[in-house]
Amino acid sequence: MIPREELHEDRRSSMDAPISVTEEHLDVLSAMLKQEDAYESIDFLAAIRSNQQNHHSVLPKHEGKDAAPPKLVDEFCRDQIVEWKYRVMDYFKIDREIIAISMSYLDRYLSRVPLIDRRIFKRAATAALHLAVKVHQPDKMRMIGVLSDLSRGEFAMIDIAEFESVISETLNWRLHPPTVICLVSRLVNILPTIPSTPTIEDDEMATCLLDFSLFFAELSICDYSVSVTQKASTVAIASLFNAMEGLGLLSSASASSRYLHDFNELIGRIAPNAELDMEALAFTKERLWNLYENSEEFALSNDQDSHEGLNQLENLDNPSTPTKAEADDATSTISDSSSPICVSRHLRTATAVLA
């Protein structure tokens, strides 16, 4: 896992890095692409539905004929868990990639134990989060010792610790998944030359591109059809290309297609066995755009753009009076923060400069 605060510096320094650093990036990326298959999940919700229909239940037995069976895990459960994890990690100021790692643990566990009720699911999700922090950010362990308190008395820390062992053994101790976020941070360093514009500095565009790509990567964790059923490399490349298209770096569909062809050839040279499924990539790109358009950040972006447009119209009669947008631009700077709101601001800033 690469600490988020190091990503922007890593991206900037790689632009004029010596050959040895470039080779290191390629070696790490090659290793991640080779490991990918070992960390894949399956469509476990389909397995749950199938097992339920065939009455092959492994749930705790219920006493009494009239006892209602426990509610099974569904896509809504997963969505709620991801949202909860984002709130917890943001509250404790823990890197958001921990969420991606913990969901890899949980999704792969469910791929092997596909029929559990919601109560056990919550305990597994909490244990997966605790395990991810313990392995990847142990200095934060003291801060999240209250996870059992967040369960409202359903389970204690000893229950979480026991489930950590169950998850680790079920996953054969594969606890370092190549996440979409980490892949994006590596792939962005090997992108072929991007058509640029003389009106925006390369390092500023690099920051915008990385932030917007990471935002798509974080969105992907929230969606079952993307996060569980698609390869991490497919989602990472889709995130990058959506960001490039959103920032106007690819002028047309034909330009995007040519650039993708060149990029795919480059990936093939780095990891010959890493085949890019174009159909899966197209599905993932479209799905990520749909998620973005339904996100709170997109609504905030549109709302701010509408207000700026109204302000501009109101000030047409008085050109000497600065608009709200001009005042904001004069007093604000692009932050290295990778929060979704900052990503939206990066996108608006880049689009305004490119216009």
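Everything numeric here is computed off the predicted structure, so don't read it as measured data. Throughout this description, residue numbers start from 1 for each chain and increase along the sequence as written. With pLDDT at 70 or above as the cut-off, local features in this predicted model cover only qualifying residues; side-chain atom pairs require 80 or more to be listed or tallied, and sums for whole chains, interfaces and linings still use all residues. Water and hydrogen atoms play no part in the side-chain values, which are based on all heavy atoms of the structure.

A closer look at the overall build of the chain
Tallying secondary structure elements over the chain gives 16 helices and zero strands in all. Two residues qualify as a contact provided that any one of their heavy atoms is within 4.5 Å of a heavy atom in the partner residue. For the chain, the proportion of contacts with a sequence separation of at least 24, taken over those separated by at least 6, is 82%. Computed by Shrake-Rupley with a 1.4 Å probe, the accessible areas treat only the displayed protein chains as cover when residues are assessed. Carbon and sulfur atoms make up 51% of the accessible area of the chain, which totals about 18,200 Å². Secondary structure counts use DSSP, requiring at least four H or I residues in a row for a helix and at least two E residues in a row for a strand, with both numbered from the N terminus.

A word on the packing of aromatic side chains
By convention, a stacked pair of Phe, Tyr or Trp rings (six-membered ring in the case of Trp) has centres within 6.5 Å and planes under 30 degrees apart, an edge-to-face pair has planes over 60 apart, and any other such pair is tilted. One pass over the structure, following the stated rule, counts 13 aromatic pairs. Here Y91 and F92 contribute two aromatic rings whose centre-to-centre distance is 5.1 Å and whose plane-to-plane angle is 85 degrees, an arrangement assigned as edge-to-face. Buried, partly exposed and exposed residues are distinguished by accessible area as a fraction of the type maximum, computed with a 1.4 Å probe on protein chains only: under 20%, between the cut-offs, and over 50%, respectively. For Y91, a relative accessible area of 65% puts it in the exposed group. The exposure class of F92 is buried, given its relative accessible area of 13%. Taken together through their ring pairs, the aromatic side chains of F212, F215, F216, W289 and Y292 make up a single cluster.

Things to note about the side chain of E164
One can find E164 in helix 7 (residues 157-170). One polar contact links E164 to K134, side chain to side chain, over a distance of 2.7 Å. Those residues in contact with E164 that sit more than four places away from it in its chain are A127, H130, L131 and K134. The term polar contact refers here to a pair of N or O atoms within 3.5 Å; inside protein, the definition further demands a hydrogen-donor-capable atom paired with an acceptor-capable atom, and it admits residues adjacent in sequence only when both atoms are side-chain atoms.

So, the packing of helix 4 (residues 75-91) against helix 6 (residues 118-136)
Axis geometry follows a simple rule: fit a line to the C-alpha atoms, using only the stretch in contact for helices, then measure angles between N-to-C directions, giving values from 0 to 180 degrees. Contact pair helix 4 / helix 6: the axes reach a minimum separation of 11 Å and the direction vectors enclose 35 degrees. Relative to helix 6, the crossing made by helix 4 is right-handed. Here C77, R78, I81, W84, K85, V88 and M89 of helix 4 come into contact with helix 6, specifically with R118, F121, A125, T126, A128, L129 and V133. Considering only residue class, the contact of helix 4 with helix 6 consists of ten nonpolar, one polar and three charged. Here a crossing is called left-handed whenever its near helix is offset anticlockwise from the far helix by less than a right angle, and right-handed whenever the offset is clockwise. Classes in brief: Ala, Val, Leu, Ile, Met, Phe, Trp, Tyr, Cys and Pro nonpolar; Asp, Glu, Lys and Arg charged; the others, Gly included, polar.

A few points about the side chain of N242
Looking at where N242 falls in the secondary structure, it is placed in helix 11 (residues 232-246). The class of N242 is buried, set by a relative accessible area of 0%. Apart from the residues lying within four places of it in its own chain, the contact partners of N242 are F212, F216, K285, L288 and W289.

Describing the packing of helix 8 (residues 180-187) against helix 11
Each pair of packed helices can be described by the angle between their axes along with the distance between the axes. At a minimum axis separation of 9 Å, helix 8 and helix 11 run at an interaxial angle of 55 degrees. The angle between helix 8 and helix 11 places the two elements in the oblique class. Here the hand of the crossing between helix 8 and helix 11 comes out right-handed. Contacts from V180, L183, V184 and L187 in helix 8 reach A232, S233, V235, A236, I237, S239 and L240 in helix 11. Within the contact of helix 8 with helix 11, the residues separate by chemical class into nine nonpolar, two polar and no charged. Note that the term roughly parallel is reserved for angles under 35 degrees, roughly antiparallel for angles over 145, roughly perpendicular for angles of 65 to 115, and oblique for everything else.

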